[in-house]
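Below, each chain spelled out in residue letters.
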Amino acid sequence: MKILGIETSCDETAAAIVDNKRVIHANLVLSQLDDHKAFGGVVPEIAARAHLDHLDTLIRGAMDEAGLRFNELDGVAATSGPGLIGGVMVGMMAGKAIAAAHNLPFMGINHLEAHALTPRLTDNVQFPYLILLVSGGHTQILVAEDVGVYKRWGTTIDDALGECFDKSAKLMGLGYPGGPNLEKIALTCTDHAGAIERFPLPKPLKGRDGCDFSFSGLKTAVRNHIEKLPQGDLNKTDIADLAYAFQITVTEIIEDRCTKAITRFLREYKNSFPHTYPQSEQTGDTPQKPAFVVSGGVAANISIREKLKDLTAAHNMDFMAPPLHLCSDNAAMIAWTGIERLQRNMTDSLDIGARPRWPLDPTAEPKIGGGVKA
Ligand code: KG4
Ligand code: ZN
């Protein structure tokens, strides 16, 4: 079974072909980074036009690389939300047109579900598993119970973590996208203890019940520290120290929130992992440890990754982080989600609309905040 996947929900135009044996036959991603750089962030109108300009070429390129014609596909999957509506419509309309012209099943994919199912493409992880999704648009803790069945245990009540990295980096005078630049300069900090002392930062919601996040106070505190520094070009040591303090603070917040989620997961889903409990050792089932997955662009951050690795090892969980090119936005994850859904007859009619907001867990209480897309 081979599926064409299309992704256009933010600032990456992407097309991919994936089969049900987990082979990625093509995975093309065109970043619009340069188009948006001058504005310090993604401009929705520019993004939609860029998708329109490049999507045809990318789809053709992916089909050529896989050596396929459209009528050899088993279906088409395109992101239908959540995301920037103009871009989503471009990709979804292209996908629907191909499906209609070649009489193929169409799957309108929830972009968040695609991030959540990526570890099943890369590692064949079994349900249920715990996910931390940290990107420029989302910060969520989810339990994946099955395809289409998710429990959202935590989300940001204001900015997404990637957004907080980007905005704080911008305040420090670092280029866009700020996350990787901030990480790089934090590595140059030589006096770790001194940096934390010079630049104390708040840890919103740390220690509180539940698994929600809040980052806007952190960004404001970064601004206040910068305003107190001598005017003019920021000194390199100051930025390195502030970036280091920022990263350590974020890592501590994540550790706190994920510890809450892990404890709850191991308690509530205990019966899904009988091998870890002595009474069921006789069954001879292949042991599967409970899995913790981190995904999204911020998962590239080494300091966050290392902390999560230690945390999950301490709880005897498997730690999985899909390779970076499948962690950040791509169409292979969209095609794979299409496969999972087609295998379960979860196809969509061509009437399906684009959804700027589309929570994975419809029972979760909505949180109103600037960075919350679901
Ligand atoms: O998943 P992604 O590629 O796109 C979406 O937002 O969906 O995530 C991009 C975000 C940006 O905010 C970027 O600054 C952040 O991920 N990011 C990082 C790092 N690499 C990317 N944040 C911190 N450290 C990094 N190394
Ligand atoms: Zn994404």
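Report follows, based on the coordinates. (Residues numbered from 1 in each chain as written. Chains lettered and ligands numbered in written order. Predicted model: local features only at pLDDT ≥ 70, side-chain atom pairs only at ≥ 80, totals over all residues. Heavy atoms only, no water.)

Here the focus is the coordination of the zinc ion (ligand 2). Protein-derived coordination of the zinc ion (ligand 2) comes from His-111 (NE2), His-115 (NE2) and Asp-329 (OD), at a distance range of 2.1 Å. Around the zinc ion (ligand 2) sit four donor atoms, and with donor-metal-donor angles ranging over 84 to 139 degrees the site reads as irregular. As a motif over one chain, the donors of the zinc ion (ligand 2) read H-x3-H-x213-D. On the criterion of sequence distance, the pair formed by His-115 in helix H4 (residues 111–122) and Asp-329 in the loop between helix H11 (324–327) and helix H12 (332–343) is long-range, its members being 214 residues apart. Across the pair, Asp-329 and His-115 agree in class, each one buried. (Donors = N, O, S within 2.8 Å, 3.2 Å for Na, K, Ca; no water. Tetrahedral: all angles 85-135°; square planar, octahedral: opposite > 155°, others 65-115°. Helix = DSSP H or I, 4+ residues; strand = E, 2+ residues; numbered from the N terminus. Buried < 20%, exposed > 50% of the residue type's maximum accessible area, 1.4 Å probe, protein only.)

On the basis of which strands lie adjacent, the open sheet formed by five strands has the order S8-S7-S6-S9-S10 and mixed pairing. The open sheet has two edge strands, strand S8 (149–155) and strand S10 (318–320), and neither has a second partner. On average, each strand axis in the sheet is tilted by 20 degrees relative to the strand beside it, whichever way the strands run. Across four bridges, the pairing between strand S6 (residues 129–134) and strand S9 (residues 291–295) is parallel. Note on S9: the bridge partner recorded for Leu-132 is Val-294. With respect to the sheet, H4 is in contact with S6, strand S7 (139–146), S8 and S9, its orientation differing from that of S6 by roughly 130 degrees. Against the sheet, helix H9 (residues 236–268) engages S6, S7, S8 and S9, with an angle of about 160 degrees to S6. (Pairing = 2+ DSSP bridges. Axes fitted to C-alpha atoms, helices over the stretch in contact; angles between N-to-C directions. Contact = heavy atoms within 4.5 Å.)

Our focus in this paragraph is the packing of aromatic side chains. Applying the stated criterion across every chain, the model contains seven aromatic pairs. Seen in terms of ring centroids, Trp-153 and Tyr-269 are 6.2 Å apart; in terms of plane orientation they differ by 45 degrees. Their pairing is tilted. One end of the pair, Trp-153, is in strand S8; the other, Tyr-269, is in the loop between H9 and S9, with 116 residues separating them in the sequence. With 5.0 Å between their ring centres and 25 degrees between their planes, Phe-265 and Tyr-269 make a pair best called stacked. In this structure, Phe-265 and Tyr-269 share a single accessibility class: buried. Here the aromatic residues Trp-153, Phe-265, Tyr-269 and Phe-273 are joined through ring pairs into a cluster of three or more. Seen from the ring of Trp-153, Arg-264 lies directly overhead, with NZ or CZ sitting 3.9 Å from the centre. (Phe/Tyr/Trp six-rings, centres within 6.5 Å; stacked < 30°, edge-to-face > 60°. Lys NZ or Arg CZ within 6 Å of the ring centre and 35° of its normal.)

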